[in-house]
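Architecture and fold: a report
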Amino acid sequence: MKIRDKILPVPVIQGGMGVGVSLSKLAGAVAKCGGMGVVSAVNCGFNEPDFDKDPLQANLRALKREIRKAKESAEGNGLVGVNIMAAVTNYDAYCACAVEAGADAIISGAGLPLSLPEHTKGTDTLCAPIVSSAKAAVILCRKYEKKYGILPDFFVMEGKMAGGHLGFSEEDLINGTAKTNDEIFQEIEEALQTSDIPVFVAGGVFTGEDVKHFLSLGAAGVQVGTRFIATEECDASEVFKQAIVNAKKEDIRIIKSPVGMPARAIVSPLLERIGTGEAFPAKRCSNCLTKCKKGDRIPYCISRALIEAVRGNWEDGLFFTGENADRINRIQTVRELMDELYQMGE
């Protein structure tokens, strides 16, 4: 797979998962196998000693380090990208940092990443918006072409079965009326028929047969998130990994995020307490997301809850997951998972 001047030997992107779930250890292992490993930028500096005092500088320092470590681990194989949420505060600073550190791609969703080409145009870093509809893809193409004279290098099309924040209404997700991956992909292909922009399908991709199916439809490849949590190389805690392995269908729910978007997570003690009206506010606000209703107006601090999860605090953590987590029954290596996805998908 060639994207601009970059080669992706295996058409599998590992989804960017924050806070701290996909850092250099996971991203580097995926890239070493020929795929695209992705470091999540959101609060990646949570373990830095000055994170509470200066979260922006802590995050930028950690992001640069994690990108470089992932590329070193990849040993010249595959690609290393960065996931940067469009809704994050200081978005432009994170994009500039990723480009400077040599990221092969910036994958950006959780809103329309309208300013992304300001940082990637004229560089070796690929520009890759995440979309959940043909309408969003068309808007971004028009905006990019009009303002920057370019088109996205590739799209990640994220469907309704993905984990974390979702680009669908809560009503459609709960009622099952959101469009399928096949439907959205075909609509995007029709809308972009005059372009050759590669589209990677994400959200619920689980087996090599799934990979084969989407490649047969004309997709450039797939993005897989949740399955990579249950790998030995994942940067998350063993508690997080076991939460994925132990999850049953009834444990996976759509929740309302403090940022105003629906999200999918595993039912945990934190969510049960929030359901009874107990608040979980931030001790210190790191001002991480632009759309967060800060202060006493939010039931819990999503950043703090995600940090607790990646550290292994089952009682106070928020554990994002895709819809298919109940199908995962063991922890395996990244190599085993990549071989399973790619060999069957060839």
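Summarised in this report is the structure supplied together with it.

The rules behind these values
Residues numbered from 1 in each chain as written. Predicted model: local features only at pLDDT ≥ 70, side-chain atom pairs only at ≥ 80, totals over all residues. Heavy atoms only, no water. Helix = DSSP H or I, 4+ residues; strand = E, 2+ residues; numbered from the N terminus. Rg over C-alpha atoms; globule rule 2.2 N^0.38 Å. Buried < 20%, exposed > 50% of the residue type's maximum accessible area, 1.4 Å probe, protein only. Contact = heavy atoms within 4.5 Å. Lys, Arg positive; Asp, Glu negative; His and termini not counted. Charge placed at Lys NZ, Arg CZ, Asp CG, Glu CD. Pairing = 2+ DSSP bridges. Right-handed = clockwise from strand over helix to strand, strands pointing away. Salt bridge = Lys/Arg side-chain N within 4 Å of Asp/Glu carboxyl O. Core = buried A, V, L, I, M, F, W, Y, C linked by side-chain atoms within 4.5 Å. Axes fitted to C-alpha atoms, helices over the stretch in contact; angles between N-to-C directions. Left-handed = near helix turned anticlockwise from the far one by under 90°. Nonpolar A, V, L, I, M, F, W, Y, C, P; charged D, E, K, R; others polar. Phe/Tyr/Trp six-rings, centres within 6.5 Å; stacked < 30°, edge-to-face > 60°. Lys NZ or Arg CZ within 6 Å of the ring centre and 35° of its normal.

On to the overall build of the chain. Summing up its helical and strand segments, the chain has 13 helices and 14 strands in all. Over its C-alpha trace the chain gives a radius of gyration of 18 Å, about what one expects of a compact globule, namely 20 Å for 346 residues. The principal-axis extent of the C-alpha atoms belonging to the chain is close to 50 × 40 × 40 Å. Counting across all 346 residues of the chain, residues that qualify as buried make up 58%. Long-range contacts, defined as pairs at least 24 residues apart, comprise 66% of the intrachain contacts of the chain with a sequence gap of at least 6. When the 40 positive and 45 negative side-chain charges of the chain are each reduced to one mean point, those points stand 5 Å apart.

Moving on, we come to the pairing of strand 11 (residues 221–224). Alternating residues of strand 11 divide into G221 and Q223 and V222 and V224, and every residue in both groups is buried. As defined by bridge partners, strand 3 (residues 12–14) adjoins strand 11 across 3 bridges and the pair is classed as parallel. Directly across from Q14, in strand 11, lies its bridge partner V224. One ladder, built from 3 bridges, connects strand 10 (residues 199–202) with strand 11; its direction is parallel. Following the sheet pairing, A202 is matched in strand 11 by Q223. Each parallel crossover has a hand, and the one from strand 10 via helix 8 (residues 208–217) to strand 11 is right-handed.

Moving on: the pattern of salt bridges. Applying the stated rule across the entire model yields 16 salt bridges. Between D104 and K71 there is a salt bridge whose closest N-O contact spans 3.2 Å. Taken as a pair, D104 in the loop between helix 3 (91–100) and strand 6 (105–108) and K71 in helix 2 (residues 55–74) lie far apart in primary sequence, 33 residues in all. When its relative accessible area of 8% is taken as the criterion, D104 is described as buried. Note that K179 and E187 form a salt bridge whose closest N and O atoms lie 2.9 Å from each other. Look at K179 and you get partly exposed, because its relative accessible area is 41%. Take E187: its relative accessible area is 29%, and that puts it in the partly exposed class. Each of the salt bridges in this network shares a partner with another, and the network as a whole consists of E48, D50, R61, R65 and E66.

One finds L63, I84, F155, I188, F228 and L318 to be the most contacted residues of the largest nonpolar core, which totals 104 residues. In contact with L318, other than residues within four places in its own chain, are I255, A265, L270, L271, Y300, I302, A305, L306 and A309. In terms of nonpolar packing, the next biggest core, distinct from the first, is built from 16 residues, I3, V38, L79 and I107 among them.

Attention now moves to the pairing of strand 4 (residues 36–40). By the criterion of burial, strand 4 is predominantly enclosed, with 5 of the 5 residues buried. Here strand 4 shows no split at all, with M36, V38 and S40 on one side and G37 and V39 on the other all buried. Across 5 bridges, the pairing between strand 4 and strand 5 (residues 79–83) is parallel. When the sheet's bridge partners are listed, V39 is paired in strand 5 with V82. On the question of chirality, the crossover connecting strand 4 to the parallel strand 5 by way of helix 2 is right-handed.

A few words now on the packing of helix 1 (residues 24–32) against helix 2. Between two packed helices, the angle of one axis relative to the other and the distance separating the axes together describe the packing. Direction vectors running N to C along helix 1 and helix 2 enclose 35°, while the axes themselves pass 7 Å from each other. Here helix 1 runs over helix 2; the crossing is right-handed. Residue-level contacts link S24, A27, G28, A31 and K32 of helix 1 to E66, K69, A70, S73 and A74 of helix 2. Considered class by class, the residues forming the contact of helix 1 with helix 2 number 4 nonpolar, 3 polar and 3 charged.

Let us now look at the packing of aromatic side chains. One pass over the structure, following the stated rule, counts 4 aromatic pairs. Centroid distance F154 to F200: 5.3 Å. Interplanar angle 65°. Geometry classified as edge-to-face. With F154 in the loop between helix 5 (134–148) and strand 8 (155–158) and F200 in strand 10, this residue pair connects regions lying 46 residues apart in the sequence. Ring geometry for W314 versus F319: centroids 5.1 Å apart, planes at 45°, classification tilted. Ring pairs connect the aromatic residues F240, W314 and F319, which therefore count as one cluster. A cation over a ring is seen here: R227 above F206, with NZ or CZ 4.4 Å from the ring centre.

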